Amino acid sequence: MKRVLGRIAGMIPVLLGVTLLIFILLRVVPGDPVSILLGEHYSQETIDRLTRVMDLDKPLIQQFFSYVGNAVRGNLGESYTMKRPVTTLILQAFPSTVKLALMAAAIAWVIGILAGIIAAVRQNKLLDHLFMGMSLAGVSVPIFMTSLFLQYVLSFKLKLFPLTSDGRLISLILPAIALGWNSAGSIARMTRSGLIDVMQQDYIDTAKAKGLTKASVILKHALKNSMLPVVTMMAIQLSSMMSGAVITESIFSIPGIGRLATSAIQNRDMPLLQGTVLFTTIIVIIGNLAADLLYSVLDPRIRRAV
Amino acid sequence: MEKKTKQTGIQSEAHASDIGEKYGWKEMLHQMWKQNPLAILSAVLIIAIIAAAVFAPVIAPYKEAQQDLTARLQGPGMKHLLGTDELGRDVLTRILFGARVSLVVGIIPSVISLIIGLILGMIAGYFGGAVDYLLMRLVDIMLAFPSLLLSMVIMYTLGRYANSVICIFAALSITGWASVARVVRSQTLSLKESVYVEAARSIGVGKFRIMFRHIFPNCIPSLIVLFTLNVPSCILSESTLSFLGIGVQPPAASWGLMVNQSKQFLFGMPWLALAPSITIMIVVLAFNFLGDGLRDILDPYMQTR
C-alpha cells in the first residue's frame, strides 16, 4: 500500500512537468491566440479586451498556475472554434477512443500472444521465421497504409465493413485491426523471447519429466511466467496506441480524441490542442503506473523485494 | 602528468580496438552474412536508395515538378511506370525526389537526438546525484508523451514561422533524444566503474576528458544501433505527420505527403497511394533489419533473441 501511494506521489512531478512543457511549447512563439480567434478584421480595442478576458496580459507563470488550478478542477478552458468547454468536448470524444483502443488491444494481444507461442514452440523453424518476419513488417508498416489497405480491400471492394465509422461496433473492427497490427508484432516478439527463456529453466524440465504433454507444460507452467514482460509491453503500447488512434480516427472518421487533436491543429485552436494532448498524456501516465503496479502483483518476487 | 594522460588515452584506444579486433570489418561483414543475410541485403538496398535520392535528377524519367495536364491520373504503363497524379506528374519521379526529403528527415533528426541524448546521458550517468535525478525526470516527462501528439504540438507552434522540413527536424529531435539518453546513461553507469576509468581518474584526468575519451568510444556500438533504429522511426513519423497534412508542405514532396494527396483518389486509383506507401514500408523494413542485425553483432547489452 505504501508503495502504491509512493508511486502515485512520484507521478505528480511528471504530471506537472508534462503540463508545463505543453504550456510552454504552445506559447513560445509570439503569434498570440487573440489574432487567431479574431481572424482578419479587428480593432485594437477588441484585442485589448480579449487579452484581458483571456488573462494573456498576466505573467506566464501566473497563467500557468491558474491553468493548472483550473485543470485540477476539470476546467481546461474553452475551445476557440467550437465555442464549448474543452472538457466537455474531450469527455464526449473519449468513449469512442476507448472503444477503439480496447478493441485494438484485444486484437493485438490475441494475435501477438498466439503468434509468439507458436514461434517459440517452432523455434528456428519455418513458422518461427515467418512470424518474426511478419512482426518486423508489422512494426515497419505505417498505420495509415494498413488503414487505407483494409478500407480499400475489405470495405470498398468486398463490402464486408462500413467505409467509415457510424457508431456501430462493426465499423470499429477495421480501424482496430489497423491500430492493433503494429502492437501485435512487438507483443509476438516479446512473448516468443520470454517463452524461450522460461523453457530453459529447471522447473520446466521437471514438468516434462513428470510426463506432462508439451501443450500442458507450455500453457500451464511456462506461459504464466513468460507473460511478465509482456504486461509491461502492453503499457508501453498504450502510448503508441494513442498516437496511432490519431491516424485511424482521421481515416475512418471516428469522433474520438485523435480527431479532436487534428482538428485543433487545423483550426489553430490552442486550448483544445492543449487539453487533448494533456488529457491523452495523463491517460498514458496512469496506464503506465497501473502496469507497474500490476507487474508487482503478478510477480511475487518483486512484491516481496519492496 | 602529460605523458601519463597520453598513456591512458592509448589504453582506452586499446580497449576500443579490442572490440575492433574481435570483429574486424571484414570478419564482421562475413559473420553478419552468415548469421543474418537479410541485414546485408538491407544495407545494400539502403545504399541503393540513398544513391537514387542523390542522383534523382539524373535517373528520374521526368523533371521534378513537370506537369502534364493531358495525362492526369493515368495508371501504371510504359510511359509512366507508376502512373501519374492529379496534376499529371510522374509518380516514379516524385518518389525519387521524395526520397531526398524522406531520407534527410530520417537521418538529420536522428543525428541531432543522438548527440543530445549522448551528452545528457553521459552527464547524468557520470555525475549522478541531483543532476542525474533532474535529467532523468526530464526523460520521464518526454517519454510520457505519445510521440505523435508531442510532434503535433511542436508543428503547431513552429509551423507558421519556419520551413516545414526544419520544423519536422525540430519536432523529431525533441521527441527522440530521451530514449537515447536513457540507454547512454545506463552504459555510462557501468563504464564509470570499470578499471580503466578508475585508473584515468586516479591520475587526475578531467571529468569531461574521461567522458569523451574513455566512455564515449565504448558507447559507439550502441549508438550505431540506436541510430539505425531511429532513422526508420523518424521516417515513419514524418510520413505520418505529412499524411495528416501537418508535416511537409507542398510543393515539396515526401512519401507521406504523396499518400495524403492521393487518398482522395483511393477508391478509383489505389496505385497512387500504394506506390509511396510501399516505398516507405520497404525503406523502413530495410533499416529495421539492418538495425537488428547490427545489434546482434555489436551490442551484447541490447541483444534480443
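Preceding this paragraph is the structure being described.
Residues numbered from 1 in each chain as written. Chains lettered and ligands numbered in written order. Predicted model: local features only at pLDDT ≥ 70, side-chain atom pairs only at ≥ 80, totals over all residues. Heavy atoms only, no water.

Chemist: Quick one: what's the story with the side chain of Asp 128 of chain A, residue by residue and with numbers?
Modeler: All names here are of chain A. Tracing the sequence through the fold places Asp 128 in helix H6 (residues 126–140). Judged by relative accessible area, which is 1%, Asp 128 ranks as buried. The contacts of Asp 128, once residues within four sequence positions are left out, are Ala 119, Arg 122, Gln 123 and Arg 192. (Helix = DSSP H or I, 4+ residues; strand = E, 2+ residues; numbered from the N terminus. Buried < 20%, exposed > 50% of the residue type's maximum accessible area, 1.4 Å probe, protein only. Contact = heavy atoms within 4.5 Å.)

Chemist: Now, about the packing of helix H11 (residues 255–262) of chain B against helix H12 (residues 271–298) of chain B: what can you tell me, with residues and values included?
Modeler: Residue and element names in this part refer to chain B. The interhelical angle for the contact between H11 and H12, taken along N-to-C directions, is 155°, at an axis separation of 8 Å. Overall, the two elements H11 and H12 adopt an arrangement that is roughly antiparallel. Pair H11 / H12 crosses with left-handed handedness. Residues Trp 255, Gly 256, Met 258, Val 259 and Ser 262 of H11 form the contact with H12, whose participating residues are Leu 272, Ala 273, Pro 276, Ser 277, Thr 279, Ile 280 and Val 283. A class-by-class count of the residues in the contact of H11 with H12 yields 8 nonpolar, 4 polar and no charged. (Axes fitted to C-alpha atoms, helices over the stretch in contact; angles between N-to-C directions. Parallel < 35°, antiparallel > 145°, perpendicular 65-115°, else oblique. Left-handed = near helix turned anticlockwise from the far one by under 90°. Nonpolar A, V, L, I, M, F, W, Y, C, P; charged D, E, K, R; others polar.)

Chemist: Let's hear about the environment of Lys 34 of chain B: which residues, and what values?
Modeler: Residue and element names in this part refer to chain B. Relative to the helices and strands, Lys 34 is located in helix H2 (residues 25–35). The exposed category is assigned to Lys 34, whose relative accessible area is 63%. Measuring from C-alpha to C-alpha, the distance between Lys 34 and Ala 124 comes to 39 Å, with 90 residues separating the pair along the chain.

Chemist: Residues and numbers for the packing of aromatic side chains, please.
Modeler: Throughout the structure, instances matching the rule amount to 8 aromatic pairs over all chains. On the numbers, 6.1 Å between centres and 85° between planes, the contact of Tyr 126 of chain B with Phe 127 of chain B is edge-to-face. Classification of Tyr 126 of chain B by relative accessible area gives buried; the value is 8%. A relative accessible area of 33% places Phe 127 of chain B in the partly exposed class. Cluster of aromatic residues (ring-pair linked, three or more members): Phe 23, Phe 64, Phe 65 and Tyr 67 of chain A. Sitting over the ring of Tyr 156 of chain B, Arg 268 of chain A keeps its end group 4.2 Å from the ring centre. (Phe/Tyr/Trp six-rings, centres within 6.5 Å; stacked < 30°, edge-to-face > 60°. Lys NZ or Arg CZ within 6 Å of the ring centre and 35° of its normal.)

Chemist: Just give me the short version of the interface of chain B and chain A, but keep the residues and values in it.
Modeler: Each partner contributes to the interface: chain B provides 37 residues, whereas chain A provides 51 residues. Summed over both partners, the interface of chain B with chain A buries about 4,200 Å², with 77% contributed by carbon and sulfur atoms. In this structure, Asp 292 of chain B and Arg 189 of chain A form a salt bridge, with 3.3 Å as the shortest nitrogen-oxygen distance. Scanning the region where chain B abuts chain A turns up 5 residue pairs in polar contact (both at pLDDT 80 or more). Every element with two or more residues in the side of chain B that touches chain A is listed here: helix H6 (129–144), helix H7 (147–158), helix H10 (207–243) and H12 of chain B. Residues that form the side of chain B that touches chain A fall into these classes: 27 nonpolar, 6 polar and 4 charged. (Buried area = accessible area lost by both parts, 1.4 Å probe. Salt bridge = Lys/Arg side-chain N within 4 Å of Asp/Glu carboxyl O. Polar contact = N/O pair within 3.5 Å; in protein donor to acceptor, adjacent residues only side chain to side chain.)

Chemist: Account for a positive patch on the surface, with residues named and values stated.
Modeler: All names here are of chain A. On the surface, Arg 122, Lys 125, Lys 208 and Lys 214 cluster together into a positively charged patch. Along the chain, Lys 125 turns up in the loop between helix H5 (86–121) and H6. Assessed through its relative accessible area of 46%, Lys 125 is described here as partly exposed. (Patch = residues over 30% accessible without salt bridge, like charges linked within 9 Å, V, L, I, M, F, W, Y side chains within 5 Å. Areas by Shrake-Rupley, 256 points an atom, 1.4 Å probe, with all protein chains shown as cover. Lys, Arg positive; Asp, Glu negative; His and termini not counted. Charge placed at Lys NZ, Arg CZ, Asp CG, Glu CD.)

Chemist: Can you lay out the nonpolar core for me, pointing to particular residues and giving the numbers?
Modeler: Counting 120 residues, the largest nonpolar core has Val 18, Phe 144 and Leu 273 of chain A together with Met 152 and Phe 243 of chain B as the members making the most contacts within it. Top element by residues in this core is H12 of chain B. It accounts for 12 residues. In contact with Met 152 of chain B, not counting residues within four places along its chain, are Val 246, Ala 261, Thr 262 and Ile 265 of chain A together with Leu 241 and Ile 246 of chain B. Grouped together as the second largest cluster of nonpolar side chains are 19 residues, Met 199, Ile 204, Ile 218 and Met 227 of chain A included. (Core = buried A, V, L, I, M, F, W, Y, C linked by side-chain atoms within 4.5 Å.)

Chemist: So what's going on with helix H9 (residues 195–202) of chain B? Which residues, and what values?
Modeler: All names here are of chain B. All buried positions along H9 are accounted for by Tyr 196, Val 197 and Ala 200. Each buried residue of H9 sits inside an arc of 100° when the element is viewed along its axis, so together they form one side. Seen from the open side of H9, the exposed residues pointing more than 90 degrees away from its buried face are Val 195 and Ser 202. At the exit of H9 stands Gly 204, carrying a positive phi of roughly 90°. (Arc of directions from axis to C-beta.)

So far we have only geometry, and geometry alone does not tell us how the molecule works.
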